[in-house]
Amino acid sequence: MKIGIVGYQGSGKSTLFEWLTDVAADPALAHATQHAMATVPESRVAPLCEIYKPKKVTMAALELVDTPGLSRSHEGSAAKLARIREAGCLVMVVSAFDGADPLGDLRNFGDDLLIADLDIVSGRIERIHQSLKKPHPGPEREQLQHELKELEPLRATLDAGTSLRNIEMTPEQIAATRSFGLLTQKPRLAVINLAEDETKPERLLSAWPPELAALAVSLSLQLGLAKMSDEERVEFCREMGVEMHDRGEIIRKIMDVSGQMLFFTAGEKEVRTWMINKGGTAVEAAGNIHTDLARGFIRAETMSCKDLIRLGSEREVKAHSLMRHEPKDYVIRDGDIINIRFSV
């Protein structure tokens, strides 16, 4: 899944990108997007490796996309945001130092999303109007008119300043806009970028809208700490009275907000973590591993990672009748270890 990192110029979004990916922001891409992977940390991998002694360990990763800095005047923002319409989640970085107004930036960003979605919906409506001026076979004309009927109320909603997250779209409207990548519908996480000497981040979080997930951290401080050696970091934290923030916390929060979770495949050859949407089924998990597994799916041999670690071996899991054979529509649980049985 792609995660779009967005923010106004000087917010620290590129600092977050570098901290999470260990890839420095490229000045040559200041007006474009930069992509890098952020490994999803998982504490259960180590005990699984103790059990299987695998030759290889592979961790799931999120693709982070650093976008060009937005302007608070909204100028050019719609075009910049259009580059991340395929992202599954937006991480908005807002600055909370040097007199910045993080809540004001949050409201402004909401307007940017509305404008960007209004732009794409209005553009499609105008193209339909132009197309209807030309001759079309009856069924094709009816389809265009039906699409127009579904899109007009959405344009009116956006034009009135209402996010599409705040309305219940009809199945027809969802179908009509499926390819649009509407930004106002995407899940969001706010990262409040604190000053290095901020001692009371809770004062900002307490004023934050409760419906929007948020984390508060000094990104420049944490990036600096990440670049130090272990010895330097310990000494610096002791002298300055600061703490190293777990960047895995932010990655896991992004996973949660974007509706993702992990399952495992495990054996002597490899222990591996995989991402799947919460509510995803066994056949979808099989497809994530390889399309052939989904196509020839027979069943999923499934056990809980917690049970395996507690009992110490697959033999013990089976002895306690905790190995399950699940069908295609089985809903994967976080931490499931699965082995797909399939036909060629």
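Residues numbered from 1 in each chain as written. Predicted model: local features only at pLDDT ≥ 70, side-chain atom pairs only at ≥ 80, totals over all residues. Heavy atoms only, no water.

## Things to note about the pattern of salt bridges
Now for step 1: Enumeration over the complete set of coordinates arrives at 23 salt bridges.
Now for step 2: Between D334 and R44 there is a salt bridge whose closest N-O contact spans 3.2 Å. Here R44 lies in the loop between β2 (34-39) and α2 (45-52) and D334 lies in the loop between β11 (324-326) and β12 (336-342), a separation of 290 residues in the sequence.
Now for step 3: With a relative accessible area of 22%, R44 lands in the partly exposed category.
Now for step 4: The residue R233 makes a salt bridge to D230 at a minimum N-O spacing of 2.9 Å. (Salt bridge = Lys/Arg side-chain N within 4 Å of Asp/Glu carboxyl O. Helix = DSSP H or I, 4+ residues; strand = E, 2+ residues; numbered from the N terminus. Buried < 20%, exposed > 50% of the residue type's maximum accessible area, 1.4 Å probe, protein only.)

## Notes on the environment of A160
Now for step 1: Secondary-structure assignment places A160 in the loop between α5 (138-159) and α6 (171-176).
Now for step 2: By relative accessible area, which is 60% here, A160 ends up exposed.

## Quick word on the packing of helix α1 (residues 13-21) against helix α10 (residues 247-257)
Now for step 1: The contact between α1 and α10 brings their axes to 10 Å, and the two run at 100°. What the angle tells us is that α1 and α10 run roughly perpendicular. Taken together, the residues of α10 that come into contact with α1 (itself represented by L16, W19 and L20) are R247, I250, I251 and I254.
Now for step 2: Its residues assigned to classes, the contact of α1 with α10 comprises six nonpolar, no polar and one charged. (Axes fitted to C-alpha atoms, helices over the stretch in contact; angles between N-to-C directions. Parallel < 35°, antiparallel > 145°, perpendicular 65-115°, else oblique. Contact = heavy atoms within 4.5 Å. Nonpolar A, V, L, I, M, F, W, Y, C, P; charged D, E, K, R; others polar.)

## Observations concerning the side chain of Q34
Now for step 1: Tracing the backbone through its elements, the reader meets Q34 in strand β2.
Now for step 2: Look at Q34 and you get buried, because its relative accessible area is 10%.
Now for step 3: Within the structure, the side chain of Q34 is placed 3.1 Å from the backbone oxygen of A24, a separation counted as a polar contact.
Now for step 4: Here the side chain of Q34 touches D26 through a polar contact of 2.8 Å, landing on its backbone nitrogen.
Now for step 5: Q34 has contacts with F17, V23, A24, A25, D26, L29, L64, V65 and D66, leaving out every residue within four places of it along the chain. (Polar contact = N/O pair within 3.5 Å; in protein donor to acceptor, adjacent residues only side chain to side chain.)

## Brief notes about the sheet that holds strand β5 (residues 89-96)
Now for step 1: Taken together, the six strands give an open sheet; going across it, the order is β2-β4-β1-β5-β6-β7, and neighbouring strands pair in mixed fashion. Every other strand in the sheet has two partners, leaving β2 and β7 (213-217) as the edge strands with one partner each. Across the sheet, the mean angle from the axis of one strand to that of its neighbour is 25°, orientation sign disregarded.
Now for step 2: Judged from the six bridges that link them, β2 and strand β4 (residues 61-66) form a sheet pairing that is antiparallel. Counted as the bridge partner of H35 is V65 from β4.
Now for step 3: Contacts from α1 reach β1 (2-7), β2, β4, β5, β6 (188-194) and β7, with the element oriented near 45° to β2.
Now for step 4: The sheet contacts of α10 involve β1, β2, β4, β5, β6 and β7, and relative to β7 the element is tilted by about 170°. (Pairing = 2+ DSSP bridges.)

## Overview of the packing of aromatic side chains
Now for step 1: Counted according to the given criterion, the structure contains one aromatic pair.
Now for step 2: Ring geometry for F263 and W274: centres 6.4 Å apart, planes at 15°, overall stacked. Residue F263 is located in strand β8 (residues 260-266), and its partner W274 is located in strand β9 (residues 270-277); the two are separated by eleven residues in the primary sequence. Here F263 matches W274 in class, with each residue buried.
Now for step 3: Note that R272 overlies the ring of W274, its terminal NZ or CZ placed 4.0 Å from the centroid. (Phe/Tyr/Trp six-rings, centres within 6.5 Å; stacked < 30°, edge-to-face > 60°. Lys NZ or Arg CZ within 6 Å of the ring centre and 35° of its normal.)

## Describing the pairing of β8
Now for step 1: Extensive coverage of β8 is indicated by the burial of six of its seven residues.
Now for step 2: In terms of strand pairing, β8 meets β9 through seven bridges, oriented antiparallel. Bridge pairing in β9 places A266 opposite V271.

## Focus on helix α8 (residues 219-227)
Now for step 1: All of the buried residues along α8 are L219, L221, Q222, L223 and L225.
Now for step 2: Looking at the buried residues of α8, the elements they touch are α1, β5, β6, β7 and α9 (230-240).

## Re α5
Now for step 1: A rise of 1.5 Å per residue sets the reference length of α5, with its 22 residues, at 32 Å; its end C-alpha atoms lie 31 Å apart and thus fit the reference within 8%.
Now for step 2: Within α5, burial applies to L144, E147, L148, E150, L151, L154, T157 and L158.
Now for step 3: Residues of α5 that are buried in the fold lie against α4 (102-132) and α6.
Now for step 4: Once α5 finishes, G161 follows within two positions and takes phi at roughly 85°, a positive value. (Expected span 1.5 Å × (residues − 1).)

## Side note on unusual backbone geometry
Now for step 1: Positioned with a positive phi, H74 is a non-glycine residue whose angle comes to about 75°.
Now for step 2: Within the secondary structure, H74 is located in the loop between β4 and α3 (77-81).
Now for step 3: Of note in the backbone geometry, S321 takes a positive phi value of approximately 55° without being a glycine.
Now for step 4: Looking at the secondary structure, you find S321 in the loop between α14 (314-319) and β11.
Now for step 5: Take S321: its relative accessible area is 65%, and that puts it in the exposed class.

## Details of the nonpolar core
One recurring pattern in soluble globular proteins is that nonpolar side chains are buried together.
Now for step 1: The biggest cluster of nonpolar side chains holds 28 residues, and the ones touching the most others in it are L16, W19, L20, L62, L64, I250 and I254.
Now for step 2: If you tally residues by element for this core, the top one is α10, at five residues.
Now for step 3: Ranked by size, the runner-up nonpolar core spans 23 residues in total, among them Y8, L70, L90 and L212. (Core = buried A, V, L, I, M, F, W, Y, C linked by side-chain atoms within 4.5 Å.)

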